[in-house]
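Architecture at a glance
Now for the letters of each chain:
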Amino acid sequence: MTDLHINGVWVAAHDGAEREIICPADGTVFKKVDEAGPADAQAAIDAARSAFDSGWWTQISVIQRGAILERTGDLIEERLEEFAQAESMDTGKRIVEARYDIADSIRCLRYFAQLGPTFSGRSVDTGDSHIQSRVQYEPVGVAVLITPWNYPLLQAVWKVAPAIAAGCTFVLKPSELTPSTSIMFMQALVDAGLPPGVGNLVLGAGASIGETLTSSSKVDMVSFTGGLETGKRVMASAAATIKKVALELGGKNPNIIFADADLEAALDNALTAIFLHSGQVCSAGSRLIVEQSIHHSFLQEFVERAKKIRLGGPFDESAETGALISEAHRNKVHTFVEKGVSEGAELLCGGEIPEGPGYFYPPTILANCTTHMSCVQDESFGPVVTIETFTTEEQAIALANDTYYGLAGAVWTQDAGKSQRVANALRHGTIWINDFHPYVPQAEWGGFKQSGIGRELGPNGLLEYLEAKHVYHNTSPAPSGWFGA
Ligand code: NAD
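Because the structure is predicted, anything quoted here is derived from the model rather than measured.

Taken as a whole and judged by the stated rule, the model has 20 salt bridges. Notably, a salt bridge pairs Glu-77 with Arg-110, separated by 2.9 Å at the nearest N-O pair. With Glu-77 in helix α3 (residues 62-78) and Arg-110 in helix α5 (residues 95-115), the pair connects residues that are 33 residues apart, well separated along the chain. Taking relative accessible area as the criterion, Glu-77 reaches 43% and is therefore assigned partly exposed. Residues Asp-260 and Lys-418 are paired through a salt bridge, measuring 3.1 Å at the closest nitrogen-oxygen approach. With Asp-260 in the loop between β12 (254-257) and α10 (263-275) and Lys-418 in helix α15 (residues 416-425), the pair connects residues that are 158 residues apart, well separated along the chain. Asp-260 gets classed as partly exposed once you look at its relative accessible area, which sits at 28%.

Listed below in structure tokens is the structure:
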């Protein structure tokens, strides 16, 4: 089978290129996929452009587009285990986690299927009975959707579902490291009735096809999820034609623990906050900010529990978290830790590349950190957490906001008033109170500051793919008399 989907046909790359896909848990090549070059990316853009411009897709009712999303969700549900296994092999994450991700993806498809028909525009009261004024929503056009490797199917669904609900056509480019579930997703969309040209899939490295996709004048919008530096490149490339740009970038997410918190819950969730999926989560709680009075005992227990976390491959039932995505990424994480230590952070556990196959890296805790250190400011995207302390509420807020990112944060306290004050003062796109990580498709997701532009999920996640048009109708036209006859 060929792996690129362009204009309704599965094809190989124009120049015959292929890429080996490696399982991060053991470093073995377990499959090959077709690797698109610029000519394939251009063909995919052309297909999406002509499908949009021909007009028939936008004429299909929003209810019918929603039905395609519903059917796609059903088809994925029928093959949930297959999807989960493919996701585990590509990412190295445990099968248990992959099952959650696939189930989340199905929920998201169903949410946008239901949300689409509720966007009906509005009429405006101009105060003049001869004027009919309405605001209507129309699809942005051709959307390029670029996704990362940490939640491959989920990130693709977060973009594809609202794009289809809105009536856009699209080119999806998943991370070159984790293409499998995007291929399966594309097939499910086709089986669910997505017409040729509406959805196109190109696999390949950002370095080789990113520029073609993001700079094309035939593309109306780019929605990108990935790292900050890549996001800047995408935005600059899209600027030449003033494309609409939506960016979901990184995070350096504070997890504030007050002394009056339910400390057992806070401790347990502080581990999940950072070590889930080995820290390869944009919203990972990578800055633990603990009230001074409990800092010593909290940290002691945190370190003990972190040391016991069991690492293992996708199908290892006893494993609690998996490998990093690649050797290059593991080296980057290790360099990050070494730099932190050289700047004065105290290494309490982890920090060493283990022997053996696979790209594993142990839970790593850096204590005695201050905000000027690079390990506190920059994202490692690995299982590395820094520890800071505070004595007052104001200090906790100031620390948590002292970052150029603004994706997510949490506050742990049993004082309801304090939790609300802190939540309101934090400059991050998602705030958890006495919890960490959960999200729901009905609520917007996205970043303040350099964590991104725009929102995914929720009504605003659909609005990203829509243009608002004002139609002003004078039912009783008359000369304005502004100029003489
Ligand atoms: P990345 O930036 O390396 O790659 C992301 C995607 O961009 C990939 O598909 C890649 O091929 C593509 N790409 C690379 N260069 C490109 C270019 N010049 N033009 C166009 N596309 C290009 O990121 P990654 O390593 O895959 O993912 C990790 C990053 O993603 C982390 O920083 C993480 O915080 C972020 N992330 C954010 C969210 C969020 O919701 N905010 C979610 C997941 C991941």
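So, on to the packing of aromatic side chains. The way to describe two aromatic rings as a pair is by their centre distance and the angle between their planes. Considering all chains together, one arrives at 10 aromatic pairs under this definition. When the centroid spacing of 5.7 Å and the interplanar angle of 65° are considered together, the rings of Phe-119 and Tyr-137 count as edge-to-face. Residue Phe-119 is found in the loop between α5 and β5 (122-124), and its partner Tyr-137 is found in strand β6 (residues 131-139); the two are separated by 18 residues along the sequence. Its relative accessible area of 31% is what places Tyr-137 among the partly exposed residues.

As a structural note, the neighbourhood of the ligand is formed by 27 residues, with Thr-147, Glu-176, Thr-230, Leu-249 and Glu-379 the closest of them. Within the contact set of the ligand, an oxygen atom lies 2.8 Å away from a side-chain nitrogen or oxygen of Trp-149. Within the backbone of Gly-226, one N or O atom sits 3.3 Å away from an oxygen atom of the ligand. In isolation the ligand offers 850 Å² of accessible surface; the protein chains occlude 88% of this area. Elements with a minimum of two residues in the shell around the ligand: α8 (206-215), β10 (221-225) and α9 (228-239). Looking at the shell around the ligand, the element that brings in the most residues is α9, giving 3 residues. Residues that form the shell around the ligand fall into these classes: 11 nonpolar, 11 polar and 5 charged. If you count residues domain by domain, the shell around the ligand takes at least three from each of domain 1 (4-249 + 455-471) and domain 2 (254-433).

Domains assigned within the protein are domain 1 (4-249 + 455-471) and domain 2 (254-433). Once you take the C-alpha centre of each, domain 1 and domain 2 turn out to be 31 Å apart. Listed by partner, the interface residues are 25 residues for domain 1 and 25 residues for domain 2. Taken over both partners, the interface formed by domain 1 and domain 2 buries close to 1,900 Å², and the fraction arising from carbon and sulfur atoms is 66%. It is Pro-24, Arg-94 and Trp-149 in domain 1 that bury the most area against domain 2; as a group they hold 29% of the surface buried on that side. Our count for the domain 1 to domain 2 interface comes out at 6 residue pairs in polar contact (both at pLDDT 80 or more). Those elements that provide at least two residues to the side of domain 1 that touches domain 2 are β3 (18-23), α4 (80-91) and α5. When residues in the side of domain 1 that touches domain 2 are grouped by element, the largest group, 5 residues, is from α4. By residue class, the composition of the side of domain 1 that touches domain 2 is 11 nonpolar, 7 polar and 7 charged.

In this section: the nonpolar core. Across soluble globular proteins, nonpolar side chains show a tendency to be buried alongside one another. Ranked by internal contacts, the top residues of the largest apolar core, which has 120 residues, are Phe-112, Phe-302 and Ile-365. Top element by residues in this core is helix α6 (residues 152-166). It accounts for 11 residues. When we break this core down by domain, the ones giving at least three residues each are domain 1 (4-249 + 455-471) and domain 2 (254-433). Once residues lying within four places of it in the same chain are set aside, the contact partners of Phe-112 are Leu-69, Ala-161, Pro-162, Ala-165, Leu-457, Gly-458, Gly-461 and Leu-462. Residues Val-333, Phe-336, Cys-375 and Val-376 belong to the second largest nonpolar core, which totals 12 residues.

Turning our eyes to something else, we now look at the sheet that holds strand β18 (residues 430-433). Taken in spatial order, the 7 strands line up as β14-β15-β16-β13-β12-β17-β18 in an open sheet, and their pairing is mixed. Edge positions in the open sheet fall to β14 (346-349) and β18, since each of these has one partner strand only. Within the sheet, the average angular offset between the axes of one strand and its neighbour, ignoring direction, is 20°. Of the pairings in the sheet, the one linking β12 to strand β17 (residues 408-412) comprises 3 bridges and is parallel in character.

Read from one edge of the open sheet, 3 strands run β5-β6-β20, paired in antiparallel fashion. Sheet topology places β5 and β20 (466-474) at the edges, where each strand pairs with a single neighbour. Each neighbouring strand pair of the sheet contributes to a mean axis angle of 25°, computed without reference to strand direction. For β5 and β6, the ladder comprises 3 bridges, and the chain directions are antiparallel. Note that in β6 the partner of Val-124 across the bridge is Ser-133.

Rules and cut-offs
- Residues numbered from 1 in each chain as written.
- Predicted model: local features only at pLDDT ≥ 70, side-chain atom pairs only at ≥ 80, totals over all residues.
- Heavy atoms only, no water.
- Salt bridge = Lys/Arg side-chain N within 4 Å of Asp/Glu carboxyl O.
- Helix = DSSP H or I, 4+ residues; strand = E, 2+ residues; numbered from the N terminus.
- Buried < 20%, exposed > 50% of the residue type's maximum accessible area, 1.4 Å probe, protein only.
- Phe/Tyr/Trp six-rings, centres within 6.5 Å; stacked < 30°, edge-to-face > 60°.
- Near = heavy atom within 4 Å.
- Polar contact = N/O pair within 3.5 Å; in protein donor to acceptor, adjacent residues only side chain to side chain.
- Areas by Shrake-Rupley, 256 points an atom, 1.4 Å probe, with all protein chains shown as cover.
- Nonpolar A, V, L, I, M, F, W, Y, C, P; charged D, E, K, R; others polar.
- Domains from an automatic or database assignment.
- Contact = heavy atoms within 4.5 Å.
- Buried area = accessible area lost by both parts, 1.4 Å probe.
- Core = buried A, V, L, I, M, F, W, Y, C linked by side-chain atoms within 4.5 Å.
- Pairing = 2+ DSSP bridges.
- Axes fitted to C-alpha atoms, helices over the stretch in contact; angles between N-to-C directions.

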